Amino acid sequence: MREIRRYLFWIRYDGSKFPEMAKGGTGFGVMDLLNQTVSQSIFEPRSEQHPEQKNKLKFSPSSRTDAKVHAIRSSVICQVPLEFADLDKCSETKTHYMRTWKSTIDAANPGSLEILDAHSVSAGFCIRRSVSYRKYTYRLAVCRSWELWDTIRQEPSIACFSERDYAWRLPPGFSPERLLRAGKIFEGEQVMGSFFKHTNREKRSEPISPSALKYILHVGLSSGEAYSAENDIYDYYNVTIVAKSFVREQIRRMMSCLVNYSYDRIPLSTVNWLLKNPISSNFYDMGIPVAPPQGLYLTDVVYDPNMFTKPVPYYLHSWDYE
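This is a predicted model, so every value here is computed, not measured. (Residues numbered from 1 in each chain as written. Predicted model: local features only at pLDDT ≥ 70, side-chain atom pairs only at ≥ 80, totals over all residues. Heavy atoms only, no water.)

Q: What's the story with the environment of Arg129 in this structure? I'm lost.
A: If you trace the backbone, Arg129 turns up in the loop between strand S4 (113-121) and strand S5 (131-143). Each C-alpha atom of the pair Arg129 and Pro313 lies 9.4 Å from the other, and the pair is 184 residues apart in sequence. Once residues lying within four places of it in the same chain are set aside, the contact partners of Arg129 are Lys244 and Tyr315. (Helix = DSSP H or I, 4+ residues; strand = E, 2+ residues; numbered from the N terminus. Contact = heavy atoms within 4.5 Å.)

What follows is the structure in structure tokens.
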């Protein structure tokens, strides 16, 4: 068994500044920058003496968000070889690493990623299965009049520029009451097969995986605010969705149904039908567009604090035996 220590990193990131979140794509994703930042701080200038150590530093996120989706507070587990595991041995050392990471990120991609905190956790802690719940927020910017809508479509204002990568900008006619009414239908135990990402090339009418069974704890609506530029063009709304876990693109598909129903573009019976007929091709077959990614924020990943030191159950990880 490899001698390692696990650290829980808390991060926030601006999805508009990355081509993707996960590794394995262009090499310029959120996880790529985090990996390079921490690796450089731990192994440099010792990497020349220990080049093999870089392969032993491994990261795994609790939540893999779509490209252009943002995170206000997300978690990542990091496996560090024991001989280099001094990230939080004392407050001075931790402060040094935090400052180094900030400096590295600011030089590489300013405003893109922030490491909020890092602390050691039990070897039996699981970054995904130990989660109590995840909270997402979707920002809506609704134009106040058709006259304004026509004007900004022809010539986007400063407010439009500020919201372009951070909200779903919508025309007048939005009904918050209708959205909330539809949102309550999703609460409770649901088989979210119809809200799972499906492409035309994938197998049609595939059986639903048990992982599509989800329990939606809460769907709520509250007033929002401008992202950066105060204006009299938009009214802002935040849609909050809370659950322990989600299927791929579930929230964006839920938001598409909620917003379309709020504009009276689809009946409530369509939402009920999708929930009662959980086949992943349904969304594609019905021609319902998926809500854009830029309005979605992973707001928080919540754990019982006891899971950090005395996790129940105690998980064994494949990393331990590599």
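Q: I would appreciate a short explanation of the pairing of strand S9 (residues 234-243) in the present structure.
A: It is a general feature of regular strands that their side chains alternate between the two faces of the sheet. In terms of burial, S9 is largely enclosed, as 9 of its 10 residues are buried. Taken together, the 10 bridges between S5 and S9 define a ladder with antiparallel strand orientation. Residue pairing in the sheet places Leu140 in a bridge with Tyr237 of S9. (Buried < 20%, exposed > 50% of the residue type's maximum accessible area, 1.4 Å probe, protein only. Pairing = 2+ DSSP bridges.)

Q: It is not clear to me how the side chain of Thr37 should be interpreted in this structure. Could you clarify?
A: Structurally, Thr37 can be placed in helix H1 (residues 30-43). Looking at Thr37, its side chain comes within polar contact range of the main-chain oxygen of Leu33, at 2.7 Å. Setting aside anything within four residues of it in sequence, one finds Thr37 in contact with Trp101, Thr104 and Ile105. (Polar contact = N/O pair within 3.5 Å; in protein donor to acceptor, adjacent residues only side chain to side chain.)

Q: Is there a simple way to explain the nonpolar core in this structure?
A: One broad rule of soluble globular proteins: the nonpolar side chains tend to lie buried together. If you look at the biggest cluster of nonpolar residues, it comprises 78 residues, and the most contacted ones within it are Phe9, Leu140 and Met255. Looking at which domains feed residues into this core, each of domain 1 (4-130 + 304-320) and domain 2 (132-300) gives three or more. Filtering out sequence-adjacent residues up to four positions away, Phe9 remains in contact with Val38, Ser74, Ser75, Val76, Cys78, Leu87, Trp101, Ile115, Asp117 and Ala118. Of all hydrophobic cores here, the second largest spans 11 residues; its members include Ile152, Ala159, Cys160 and Ile233. (Core = buried A, V, L, I, M, F, W, Y, C linked by side-chain atoms within 4.5 Å. Domains from an automatic or database assignment.)

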